[in-house]
Amino acid sequence: MCKAALERFSTGLAAELYADDIAVNALSPTKVVPTPGTLFHHLTSEDDPNNEPPSVMAEAALRLCSAEPKALTGRIAYSQELLAELAASR
């Protein structure tokens, strides 16, 4: 419920700030990221080939933050899909 609320809040805020050239997006990992919490709860492991390295989320966040605000705002994005989309549009 909290994640859905954050997504709705982000899209609403993006609409409000569009005219001011301020982008607002929500970004989620595509897969489980090996953080201390996910490792502790055994949701993934450091060597799990199905996890998502933190660097993927970092790259996706950087791309969202460095894009033209009016071109990339109001998005509910998932890291790997976003990176693939932006690579394809180059």
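To keep things clear, this report deals only with the structure shown in the data block. Keep in mind it's a predicted model, so treat the numbers as computed, not measured.

It is worth spelling out the overall build of the protein chain at this point. If you tally the helices and strands in the protein chain, you get four helices and two strands. Counting from the amino terminus, the protein chain carries its helices and strands in the arrangement α-β-α-α-β-α. Oriented by its inertia axes, the alpha-carbon framework of the protein chain measures out at about 45 × 35 × 15 Å. Buried residues in the protein chain amount to 26% of all 90 residues. Restricting to contacts in the protein chain with at least 6 residues of sequence separation, those with at least 24 account for 55%. If you sum the accessible surface of the protein chain, you get close to 6,000 Å²; carbon and sulfur atoms cover 61% of it. Between the averaged position of the 7 positive side-chain charges in the protein chain and that of its 12 negative side-chain charges there is a distance of 4 Å.

For the rest of this paragraph, the subject is the pattern of salt bridges. The full count for this structure, using the stated rule, is four salt bridges. Of the charged contacts, one joins Lys 70 and Asp 21 as a salt bridge, the two residues approaching to 3.8 Å between their closest N and O atoms. Of this pair, Lys 70 sits in the loop between helix H3 (54-66) and strand S2 (76-78) while Asp 21 sits in the loop between helix H1 (2-17) and strand S1 (26-28), placing them 49 residues apart in sequence. Looking at Lys 70, the relative accessible area reads 37%, which means it is partly exposed. For Glu 85, the salt bridge is made with Arg 75, and the minimal N-O distance between the two is 2.7 Å. Of this pair, Glu 85 sits in helix H4 (residues 79-88) while Arg 75 is found in the loop between H3 and S2, placing the two residues 10 residues apart along the sequence. Judged by relative accessible area, Glu 85 falls into the partly exposed class, the value being 38%.

Under the defined criterion, the tally for this structure stands at zero aromatic pairs. The ring of Tyr 18 has Lys 70 lying over it, and the distance from NZ or CZ to the ring centre is 4.8 Å.

A few words now on the nonpolar core. Residues Val 56, Ala 60, Leu 64, Leu 72, Ala 77, Leu 82, Leu 83 and Leu 86 constitute the largest nonpolar core, which totals eight residues. Listing elements by their share of this core, those giving two or more residues are H3 and H4. Beyond its immediate sequence surroundings of up to four residues, Ala 60 is in contact with Leu 27, Ser 79, Leu 82 and Leu 83.

Conventions we followed
- Residues numbered from 1 in each chain as written.
- Predicted model: local features only at pLDDT ≥ 70, side-chain atom pairs only at ≥ 80, totals over all residues.
- Heavy atoms only, no water.
- Helix = DSSP H or I, 4+ residues; strand = E, 2+ residues; numbered from the N terminus.
- Buried < 20%, exposed > 50% of the residue type's maximum accessible area, 1.4 Å probe, protein only.
- Contact = heavy atoms within 4.5 Å.
- Areas by Shrake-Rupley, 256 points an atom, 1.4 Å probe, with all protein chains shown as cover.
- Lys, Arg positive; Asp, Glu negative; His and termini not counted.
- Charge placed at Lys NZ, Arg CZ, Asp CG, Glu CD.
- Salt bridge = Lys/Arg side-chain N within 4 Å of Asp/Glu carboxyl O.
- Phe/Tyr/Trp six-rings, centres within 6.5 Å; stacked < 30°, edge-to-face > 60°.
- Lys NZ or Arg CZ within 6 Å of the ring centre and 35° of its normal.
- Core = buried A, V, L, I, M, F, W, Y, C linked by side-chain atoms within 4.5 Å.

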